[in-house]
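The primary structure of each chain is shown beneath.
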Amino acid sequence: MSNTPQRATSPSKAAQASQVQPTNIPAGAALREFAYAEIKRRIMTLEFRPGEPINEAHLQTLLGIGRTPVHQALHRLEVEGLVSIMPRKGVMVTPLSLNDVMDMIEVRMANEILCVGLAAERADEADLKSMRDIVDRSPALIARRDVPALMGLDMQFHIAISAASRNKVLGDLLRNLHEKQARFWFLSLSDPQHLQHVYEEHLQIVDALERRDADAAREAIRKHVDEFRSNIVRSI
């Protein structure tokens with residue numbers, strides 16, 4: 001996959017006018033959070049491509065807000081490793097690194113297995129119902145190939161498992177790994193069959209958790225993470 005940056009272009013006034021701007025824009029300090037969430041969403045779903053320059057003035061027009069919250073949001077995203085801010089050159093979406101994601105998958109594999117084992121022991125009925133409800137929302141989204149919504153649902157599912165483990169440190173670690181891998185997750189779901197496979201893998205995990213079968217849950221999540229790794233390699 002090429003990480004060659006594309007040339008930044010300044011949209012015409014007509015093009016800017018045709019942009020669909022977000023509604024219900026907050027006021028005051030919340031603008032910073034709004035800008036951060038909107039820019040991050042566009043990076044995670046590859047609307048802003050890896051290696052692509054980002055024009056701050058265009059972001060202001062796109063989001064319908066001023067320079068300060070956009071500037072603050074970009075600096076926060078730089079800390080998270082999603083953008084690079086280069087003096088006198090501007091802002092660029094951080095390129096994807098296959099080596100980096102493979103390293104993260106190794107760490108995620110060990111910790112997902114630990115987490116789901118704890119969840120099998122510690123989950124209460126509310127935890128299990130939450131997981132089942134999340135999984136049950138997948139088929140409708142798969143039918144219309146709503147990949148951004150499915151990416152959010154996958155995150156919710158894994159957060160629910162982390163919550164059921166009753167280990168906050170482990171949950172925070174896995175949430176961070178999932179966020180860092182999100183762009184690869186989005187890229188890997190270009191194959192419609194993989195959308196169905198992810199759903200079936202989630203079903204296997206929640207079925208095992210409902211049976212309190214820790215060994216089956218660990219094996220199901222091992223296969224789930226391994227399939228993610230294999231699909232990443234096939235997609236690049």
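In the block above lies the structure referred to throughout.
Keep in mind that this is a model prediction, so the values were computed, not measured.

## Digging into the overall build of the chain
For step 1, the next point in the chain: Each helix and strand in the chain was counted, giving 11 helices and 3 strands.
For step 2, the next point in the chain: Going residue by residue from the N terminus, the α and β elements of the chain occur as α-α-β-α-α-β-β-α-α-α-α-α-α-α.
For step 3, the next point in the chain: Residues classed as buried in the chain amount to 44% of the 236 residues present.
For step 4, the next point in the chain: The long-range share in the chain, meaning contacts at least 24 apart out of those at least 6 apart in sequence, stands at 77%.
For step 5, the next point in the chain: Summed over all atoms, the accessible surface of the chain reaches about 12100 Å², with 52% contributed by carbon and sulfur.

## Things to note about the side chain of Arg 132
For step 1, the next point in the chain: One can find Arg 132 in helix H6 (residues 125–136).
For step 2, the next point in the chain: In terms of polar contacts, Arg 132 uses its side chain to reach the side chain of Glu 210, at 2.6 Å.
For step 3, the next point in the chain: Once residues lying within four places of it in the same chain are set aside, the contact partners of Arg 132 are Leu 203, Val 206, Asp 207 and Glu 210.

## So, the pairing of strand S2 (residues 83–86)
For step 1, the next point in the chain: With 4 bridges joining them, S2 and strand S3 (residues 90–93) adopt antiparallel strand pairing. Bridging across to S3, Ile 85 finds its partner in Val 91.
For step 2, the next point in the chain: In textbook terms, the turn of a hairpin is the stretch between consecutive antiparallel strands, and for S2 and S3 this stretch comprises 3 residues, one of which, Arg 88, has a positive phi near 65°.

## Here's the deal with the packing of H6 against helix H10 (residues 192–210)
For step 1, the next point in the chain: Running from N to C, H6 and H10 cross one another at 160°; their axes reach a closest spacing of 10 Å. Classified by the angle their axes make, H6 and H10 are roughly antiparallel. You can see that H6 and H10 cross each other, and the crossing is left-handed. Within the contact between the two elements, H6 uses Leu 128, Met 131, Arg 132 and Val 135 and H10 uses Tyr 199, His 202, Leu 203, Val 206, Asp 207, Leu 209 and Glu 210.

## Quick notes on the pattern of salt bridges
For step 1, the next point in the chain: Applying the stated criterion across every chain yields a total of 20 salt bridges.
For step 2, the next point in the chain: Put simply, Arg 42 and Glu 38 hold a salt bridge, and the shortest N to O gap is 2.7 Å. Of the two residues, Arg 42 and Glu 38 are both situated in helix H2 (residues 30–44); the distance of 4 residues between them amounts to about one turn of the helix.
For step 3, the next point in the chain: Look at Arg 42 and you get buried, because its relative accessible area is 6%.
For step 4, the next point in the chain: Judged by its relative accessible area of 16%, Glu 38 falls in the buried class.
For step 5, the next point in the chain: Residues Asp 226 and Arg 229 are paired through a salt bridge, measuring 2.8 Å at the closest nitrogen-oxygen approach. You can see Asp 226 and its partner Arg 229 sitting in helix H11 (residues 214–235), 3 residues apart, about one turn around the helix.
For step 6, the next point in the chain: In this structure Arg 229 comes out as partly exposed when scored by relative accessible area, which is 25%.
For step 7, the next point in the chain: Look at the salt bridges and you will find they share partners, linking Glu 38, Arg 41, Arg 42 and Glu 47 into a network.

Criteria and cut-off values
- Residues numbered from 1 in each chain as written.
- Predicted model: local features only at pLDDT ≥ 70, side-chain atom pairs only at ≥ 80, totals over all residues.
- Heavy atoms only, no water.
- Helix = DSSP H or I, 4+ residues; strand = E, 2+ residues; numbered from the N terminus.
- Buried < 20%, exposed > 50% of the residue type's maximum accessible area, 1.4 Å probe, protein only.
- Contact = heavy atoms within 4.5 Å.
- Areas by Shrake-Rupley, 256 points an atom, 1.4 Å probe, with all protein chains shown as cover.
- Polar contact = N/O pair within 3.5 Å; in protein donor to acceptor, adjacent residues only side chain to side chain.
- Pairing = 2+ DSSP bridges.
- Axes fitted to C-alpha atoms, helices over the stretch in contact; angles between N-to-C directions.
- Parallel < 35°, antiparallel > 145°, perpendicular 65-115°, else oblique.
- Left-handed = near helix turned anticlockwise from the far one by under 90°.
- Salt bridge = Lys/Arg side-chain N within 4 Å of Asp/Glu carboxyl O.

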